[in-house]
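Listed below, chain by chain, are the residues.
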Amino acid sequence: MLEGIEKISEVEWEVPVGYVPGMRVPGRFFLSEDLSETLEAGAVQQLANVATLPGVVRYSLAMPDIHSGYGFPIGGVAAFEEDTGVVSPGGVGYDINCGVRLITTPLTVADITNPRALIEELFRTVPTGVGAESTMRLSEADLDDLMADGVEWAIDHGLGMESDIVHCEEQGKMKQANPAAVSKKARQRGRPQAGTLGSGNHFLEVQAVDAVFDPEAAKAFGLATGQICCMVHCGSRGLGHQVCTDHLRVLESATRKYGIEIPDRQLACAPVHSPEGEAYFGAMAAAANYAWVNRQVITHQVRTVFARLFGIAYEEMPLVYDVAHNVAKMEEHAAYGKRRTLCVHRKGATRAFGPGLHDVPQVYRAVGQPVIIPGSMGSSSYVLHGTATAMERTFGSTCHGAGRVMSRTKAKHATPGRQVREQLLKQGIIVRATSDASIAEEAPDAYKESDKVVDVVRLAGLSLPVVRLHPVGVIKG
Amino acid sequence: MSFEELPHQADVRVRVRAEDCNALFAEAARAMFSIMYVTCDEGEIERSITVTSDDIPSLMIDFLSELLFVSEVDRVVFSSFDVSITGTSLTVTARGEPFAREKHQGGMEVKGVSYSGLTIFRDGEEFCSEILFDV
């Protein structure tokens, strides 16, 4: 472990005040000894940098998928006082509301007699990769409505089922969305891209439930052994990227205007309730709603393919849940002995609200919010549930994925994409991508083992495993 | 090539070298398009863009962000850049070819150009920059 960091418990570590100048609170991160060699000094520095921001509450936090990002580390979580704190695009990222959702089917592994044909059909149907364009033709008014209403807009346009709405975090709509704060440039980028997967680590995966750890919770989530599911991982595409770029520029000036000292320009920020802070929050919320619609449109495409190929009803493919990875939210949490509204930033982290909370859909309320943790190609994904412990210790947050351990360049040189594809095929996993290079970059070896990451959040009690899913076929952008 | 990829666990960090500041910015743009589209050939499409910023690091971010925007919206893959910098203003004439799915789709989308770790400095006779792209 790095010098100057103190062990708090089996899987929890503290970065003390003073690790970098100006820290207002300590940093805390969750990692096992087993994964400690994956920890980058740069990521810890970023975690400590976040602790210097005004109004930061209790700790700057990071989950076990921690790695270097920009501004905040990936895996970073920080909450800020509503009155004295800040909002920062560095705590959200360029891909606003990049997230993941899980759709179930009534099929079992035995029903997928020709997995290659299924994957090819999904690849043909879902626009994928750099430069992919949507089949939807949105007017400017459509885009305004979509950004204001999120998943509701999609359902109103026949792109899903009413039940999808309640099975999304925030019911697929941040009500603070302000489309007027989204620039013309962002709109130009967003109009042709709604319903496209993108590239990089984004994917569409057909999976089978191969282990059930908590039968009661699995039943509540509608999951059973052998069941075929689909996982979708993508975000707000060019619209969200441009919102981040545009508002970073504005918030840079605001940082100076409000006399806020920051150790990294990517942490540009403004008071939560300042004109600049509110404009960013409104635009970010609009981009978050766009991202939910993006995943909803892809869900519709997936259901249409399954209905056509397997003769099952659209309604037989409910959404388990949709979680956001890159977002800031106004949430009520207990802090310093009382409940208050905080601006919680999660940058490559997942909300993991515990049982009994109003924000958890009624059907899951006794269990806690479903938490979806994707693995890498060839490694297992998990569904967990949120806990009261997460509410107490991490503002209701947990990890968002396996976390990279190898650079994309190194991964490309380590194993050619074709070889990765063939190795995965030998394990019964079909990979379809726009290029072999993108397969190489996302090779399983480039990531921490998802089992180990999930084990850390289990040991810390931040979320508890419900089921494990094994990949059948993967589509990469 | 006068740019190289540096190790970074999640995103893409490049080091760019050039004989002067104008060429440095042009090389940074070449690096970005190489990441996104892998193959970037000469073409007949031409765009002229002017960017003004508060300082030189911001100028680099704003310049690359603007090219990213134009490339995506106009569906153009740029390959060569004539850059002229005066103070903290920049004018670029960028040339390239139309985006073609079968030729250009294999790269990585650049989501943004980060201030984190951005450096622009002199190394002897050369101008250098290290830039982190969020992909």
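Residues numbered from 1 in each chain as written. Chains lettered and ligands numbered in written order. Predicted model: local features only at pLDDT ≥ 70, side-chain atom pairs only at ≥ 80, totals over all residues. Heavy atoms only, no water.

Considerations on the interface of chain A and chain B
Then, in step 1: Contacts between chain A and chain B engage 43 residues on the former and 41 residues on the latter.
Then, in step 2: Of the roughly 3,500 Å² buried where chain A meets chain B, counting both sides, 45% is carbon and sulfur surface.
Then, in step 3: The largest contributions to the chain A side of the interface with chain B come from A:Val130, A:Arg249 and A:Arg265, which together make up 20% of the buried area.
Then, in step 4: The tally of links from chain A across to chain B stands at eight salt bridges.
Then, in step 5: In this assembly, chain A and chain B are joined by 21 residue pairs in polar contact (both at pLDDT 80 or more).
Then, in step 6: Contributing elements (two or more residues each) for the side of chain A that touches chain B: strand S4 (60–70), helix H6 (184–190), helix H8 (237–257) and helix H11 (408–414) of chain A.
Then, in step 7: Here the side of chain A that touches chain B takes eight residues from H8(A), the largest share from any one element. (Contact = heavy atoms within 4.5 Å. Buried area = accessible area lost by both parts, 1.4 Å probe. Salt bridge = Lys/Arg side-chain N within 4 Å of Asp/Glu carboxyl O. Polar contact = N/O pair within 3.5 Å; in protein donor to acceptor, adjacent residues only side chain to side chain. Helix = DSSP H or I, 4+ residues; strand = E, 2+ residues; numbered from the N terminus.)

Some details on the pattern of salt bridges
Side-chain pairing between opposite charges can occur once the charged atoms of the two side chains come close.
Residues and elements named next belong to chain B.
Then, in step 1: The final tally for this structure, using the stated rule, is 52 salt bridges over all chains.
Then, in step 2: Note that Arg15 is salt-bridged to Glu4, the shortest N-O span being 3.2 Å. One end of the pair, Arg15, is in strand S2 (residues 12–18); the other, Glu4, is in strand S1 (residues 3–6), with 11 residues separating them in the sequence.
Then, in step 3: Taking the relative accessible area as the measure of exposure, Arg15 reaches 23% and is therefore partly exposed.
Then, in step 4: With relative accessibility at 37%, the residue Glu4 sits in the partly exposed group.
Then, in step 5: In this structure, the salt-bridge partner of Lys103 is Glu97, at a minimum N-O distance of 3.0 Å.
Then, in step 6: For Lys103, a relative accessible area of 33% corresponds to the partly exposed category. (Buried < 20%, exposed > 50% of the residue type's maximum accessible area, 1.4 Å probe, protein only.)

Some points on the nonpolar core
Then, in step 1: Core analysis: the biggest nonpolar cluster contains 75 residues, and A:Leu122, A:Val206 and A:Phe306 have the highest contact counts within it.
Then, in step 2: Considering each element in turn, this core owes the most residues, 16 residues, to helix H9 (residues 275–310) of chain A. (Core = buried A, V, L, I, M, F, W, Y, C linked by side-chain atoms within 4.5 Å.)

Some words on helix H1 (residues 21–37) of chain B
Since the α-helix advances by 3.6 residues per turn, residues separated by three or four positions end up pointing in the same direction.
Residues and elements named next belong to chain B.
Then, in step 1: For H1, spanning 17 residues, the distance from its first C-alpha to its last is 24 Å, which sits close to the expected 24 Å at 1.5 Å a residue.
Then, in step 2: Of all 17 residues that make up H1, 12 are buried, and the element is covered over most of its length.
Then, in step 3: Inspection of H1 places Leu24, Phe25, Ala26, Glu27, Ala28, Ala29, Ala31, Met32, Phe33, Ile35, Met36 and Tyr37 among the buried residues, and these make up the whole buried set.
Then, in step 4: Its side-chain oxygen at 3.1 Å from the backbone nitrogen of Asn22, Asp20 defines the N-terminal cap of H1.
Then, in step 5: Of the residues trailing H1, Val38 is marked for its positive phi of about 60 degrees. (Expected span 1.5 Å × (residues − 1).)

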